[in-house]
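# Coordinates in review
Each chain is listed here by its residues.
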Amino acid sequence: MSLADSQPIPGVTLGPPHWSKVAGTVVCRVIVPAWVFAGASFKLFERDPQLLPPPVLDVVRQLGSAVGADLPTFLMFSMRAMIAVEFAAVAVMVLFPRLSRLVAGAILGLFLVVLSAVLWQGYQKGGWSGMMSDCGCFGSSGPPAPVMLLIDALLFAGVVAFRVPLSAHWPRIERKMIGITAAVAVAGAVIAFAVPNRTFVI
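The model shown is predicted, which means the values in this text are computed figures rather than measured ones.

## Digging into the packing of helix α2 (residues 19–46) against helix α4 (residues 71–95)
Axes are the key here: two packed helices are described by the angle between their axes and the distance separating the axes. It is at 9 Å that the axes of α2 and α4 come closest, and there the two elements cross at 160°. Relative to α4, the element α2 is oriented roughly antiparallel. Every pair of crossing elements has a handedness; the one defined by α2 and α4 is left-handed. Listed contacts from α4 to Cys 28, Arg 29, Val 32, Pro 33, Val 36, Phe 37, Ala 40, Ser 41, Lys 43 and Leu 44 of α2 are Met 79, Arg 80, Ile 83, Glu 86, Phe 87, Val 90, Met 93, Val 94 and Leu 95.

## A few points about helix α6 (residues 145–161)
Between its first and last C-alpha atoms α6 spans 24 Å; for 17 residues at 1.5 Å apiece the expected length is 24 Å, and the two agree. Of the residues making up α6, those classed as buried are Ala 145, Met 148, Asp 152, Leu 155, Gly 158 and Val 159. Take α6 and look down its axis: the buried residues cluster within an arc of 150°, on one side only. Those residues of α6 that are exposed and angled more than 90 degrees off the buried face are Leu 150, Leu 154 and Ala 161.

## Focus on the environment of Phe 162
Tracing the chain through its elements places Phe 162 in the loop between α6 and α7 (170–194). Between the C-alpha atom of Phe 162 and that of Ser 20, which follows or precedes it by 142 residues, the distance is 5.9 Å.

## Examining the packing of α4 against α7
Taken N-terminus to C-terminus, the directions of α4 and α7 make an angle of 155°; their axes are 8 Å apart at the nearest point. Considering their axes alone, α4 and α7 lie roughly antiparallel with respect to each other. With respect to the hand of their crossing, α4 and α7 are arranged in right-handed fashion. Across the interface between the two elements, Phe 77, Arg 80, Ala 81, Ile 83, Ala 84, Phe 87, Ala 88, Ala 91, Val 92 and Leu 95 from α4 touch Trp 170, Met 177, Ile 180, Thr 181, Val 184, Ala 185, Gly 188, Ala 189, Ala 192, Phe 193 and Ala 194 from α7. Partitioned by chemical class, the residues of the contact of α4 with α7 number 18 nonpolar, 2 polar and 1 charged.

## Structural notes on the environment of Leu 75
Counting through the fold element by element, Leu 75 comes out in helix α4. Taking the C-alpha atoms as reference points, Leu 75 and Leu 57, 18 residues apart in sequence, are found 8.0 Å from one another.

## Here we look at unusual backbone geometry
Not every positive phi belongs to a glycine, and Arg 47 is a case in point at roughly 50°. For Arg 47, the location among the structural elements is in the loop between α2 and α3 (54–66). Residue classification places Arg 47 among the buried residues on the basis of a relative accessible area of 13%.

## Some points on a nonpolar patch on the surface
There is a patch of nonpolar side chains on the surface, built from Val 22, Val 26, Val 30 and Ile 31 and spanning about 290 Å² of accessible area. Note on placement: Val 26 falls in helix α2. With a relative accessible area of 35%, Val 26 lands in the partly exposed category.

## Details of the packing of aromatic side chains
Under the criterion given, the structure shown has 2 aromatic pairs. Ring geometry for Phe 37 against Phe 87: centres 5.5 Å apart, planes inclined by 40°, an arrangement best described as tilted. Taken together, the residues span a long stretch of sequence, with Phe 37 in helix α2 and Phe 87 in helix α4 at a distance of 50 residues. Where Phe 77 meets Phe 193, the ring centres are 5.6 Å apart and the plane angle is 45°; that geometry is what we call tilted. Linking Phe 77 in helix α4 with Phe 193 in helix α7, this pair joins segments that are 116 residues apart in sequence. Given a relative accessible area of 49%, Phe 77 falls into the partly exposed group. What makes Phe 193 partly exposed here is its relative accessible area of 38%.

Quick notes on the rules
- Residues numbered from 1 in each chain as written.
- Predicted model: local features only at pLDDT ≥ 70, side-chain atom pairs only at ≥ 80, totals over all residues.
- Heavy atoms only, no water.
- Axes fitted to C-alpha atoms, helices over the stretch in contact; angles between N-to-C directions.
- Helix = DSSP H or I, 4+ residues; strand = E, 2+ residues; numbered from the N terminus.
- Parallel < 35°, antiparallel > 145°, perpendicular 65-115°, else oblique.
- Left-handed = near helix turned anticlockwise from the far one by under 90°.
- Contact = heavy atoms within 4.5 Å.
- Expected span 1.5 Å × (residues − 1).
- Buried < 20%, exposed > 50% of the residue type's maximum accessible area, 1.4 Å probe, protein only.
- Arc of directions from axis to C-beta.
- Nonpolar A, V, L, I, M, F, W, Y, C, P; charged D, E, K, R; others polar.
- Patch = residues over 30% accessible without salt bridge, like charges linked within 9 Å, V, L, I, M, F, W, Y side chains within 5 Å.
- Areas by Shrake-Rupley, 256 points an atom, 1.4 Å probe, with all protein chains shown as cover.
- Salt bridge = Lys/Arg side-chain N within 4 Å of Asp/Glu carboxyl O.
- Phe/Tyr/Trp six-rings, centres within 6.5 Å; stacked < 30°, edge-to-face > 60°.

The following block contains the structure:
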């Protein structure tokens, strides 16, 4: 091993994993990616932009109107772009441990913001009962928004609490894994945009 390979890497720990590092690997490289992948897959299966979380749908509609885009086309493109980003995030979390914790924390943090907005909108429209509506995170499936918020908050706490270790040979394969991760992310984007549209009504 060269001197460069033996140098400590900021933010990660080399060597045999402690139980907390095993937990970090399981949370950031298995559970969170599976959770994100499931949500993206459900949305891609249904391919209905109107099932997106209401605050997200409102923003996309406003952007579409601002740029003068055809609304159904813009909604579908935006939803597919979001799915592509989620697939790319899954690829990074699973294949690139140096960034898995950062990406997991960022995407869960974004989910928490969106879910908080969903709950606020629901409360404004229907009080406490209005907060129990489906958030659209899994298309037409999935638990109510408060349950989704609780799950995402617990996952986010796990990401914050546990670090992801790097194996001792990681510095030697990192460049190769950059290419592999990028290729898988591109493949996910191709899938997100290649599946034919379904007919829906605005």
